[in-house]
Amino acid sequence: MALPDLDELKTYLRIDGSEDDAILTLLIDSAQEYLTNAGVPESESNLYKLAIMMYVAMHYENRDPSQKIDGFNFALQSIILQLKDYSVPADTTTM
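Note that the structure is a prediction, hence the values are computed from the model and not measured.

K.L.:
Give a detailed account of the overall build of the chain, specifying residues and quantitative values.
P.N.:
If you tally the helices and strands in the chain, you get four helices and zero strands. In the chain, the order of α-helices and β-strands from amino to carboxyl end is α-α-α-α. The buried share of the chain, taken over its 95 residues, is 33%. Within the chain, residue pairs in contact and separated by at least 24 positions form 66% of the contacts whose partners lie at least 6 positions apart. Counting every atom, the chain has about 6300 Å² of accessible surface; 52% of that belongs to carbon and sulfur.

K.L.:
Could you give an account of the packing of helix H1 (residues 6-13) against helix H3 (residues 46-61), with specific residues and numbers?
P.N.:
Viewed as axis vectors pointing N to C, H1 and H3 meet at an angle of 60°, and their least axial separation amounts to 10 Å. Taken together, the axis directions place H1 and H3 in an arrangement best described as oblique. For the crossing formed where H1 meets H3, the hand is right-handed. Residues Glu-8, Leu-9, Tyr-12 and Leu-13 of H1 lie in contact with H3, whose contacting residues are Lys-49, Leu-50, Met-53, Met-54, Val-56, Ala-57, Tyr-60 and Glu-61. In terms of residue class, the contact of H1 with H3 is made up of nine nonpolar, no polar and three charged.

K.L.:
Break down the packing of aromatic side chains for me, with residues and values.
P.N.:
Between two aromatic rings, the relevant description is the distance of the centres plus the angle of the planes. All chains considered together, the criterion is met by one aromatic pair. Aromatic pair Tyr-34 and Tyr-55: ring centres 5.1 Å apart, planes at 35°, arrangement tilted. Of the two residues, Tyr-34 is situated in helix H2 (residues 21-37) and Tyr-55 in helix H3; the sequence distance between them amounts to 21 residues. By relative accessible area, which is 11% here, Tyr-55 ends up buried.

Scoring rules and cut-offs
- Residues numbered from 1 in each chain as written.
- Predicted model: local features only at pLDDT ≥ 70, side-chain atom pairs only at ≥ 80, totals over all residues.
- Heavy atoms only, no water.
- Helix = DSSP H or I, 4+ residues; strand = E, 2+ residues; numbered from the N terminus.
- Buried < 20%, exposed > 50% of the residue type's maximum accessible area, 1.4 Å probe, protein only.
- Contact = heavy atoms within 4.5 Å.
- Areas by Shrake-Rupley, 256 points an atom, 1.4 Å probe, with all protein chains shown as cover.
- Axes fitted to C-alpha atoms, helices over the stretch in contact; angles between N-to-C directions.
- Parallel < 35°, antiparallel > 145°, perpendicular 65-115°, else oblique.
- Left-handed = near helix turned anticlockwise from the far one by under 90°.
- Nonpolar A, V, L, I, M, F, W, Y, C, P; charged D, E, K, R; others polar.
- Phe/Tyr/Trp six-rings, centres within 6.5 Å; stacked < 30°, edge-to-face > 60°.

Right under this line is the structure:
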């Protein structure tokens, strides 16, 4: 699975120190869950890794719920649409 490690993510976010490691780990797990719920299968793709990092960045840097983050969210949604698995499951029957 192409997950960013904590040091790689901290470099992407320009974070020094370890005081936010727990929240970053939580956000990585949340990003995986978010992508799974969006229909994106786990992947070795660099695009999947970037989607995880963008999700974490969006939620780490914008903790104020009143703040607008539409532009960044649009970029993440664009990546999700590229990664999403649109195939029909084999156990689906047609009527």
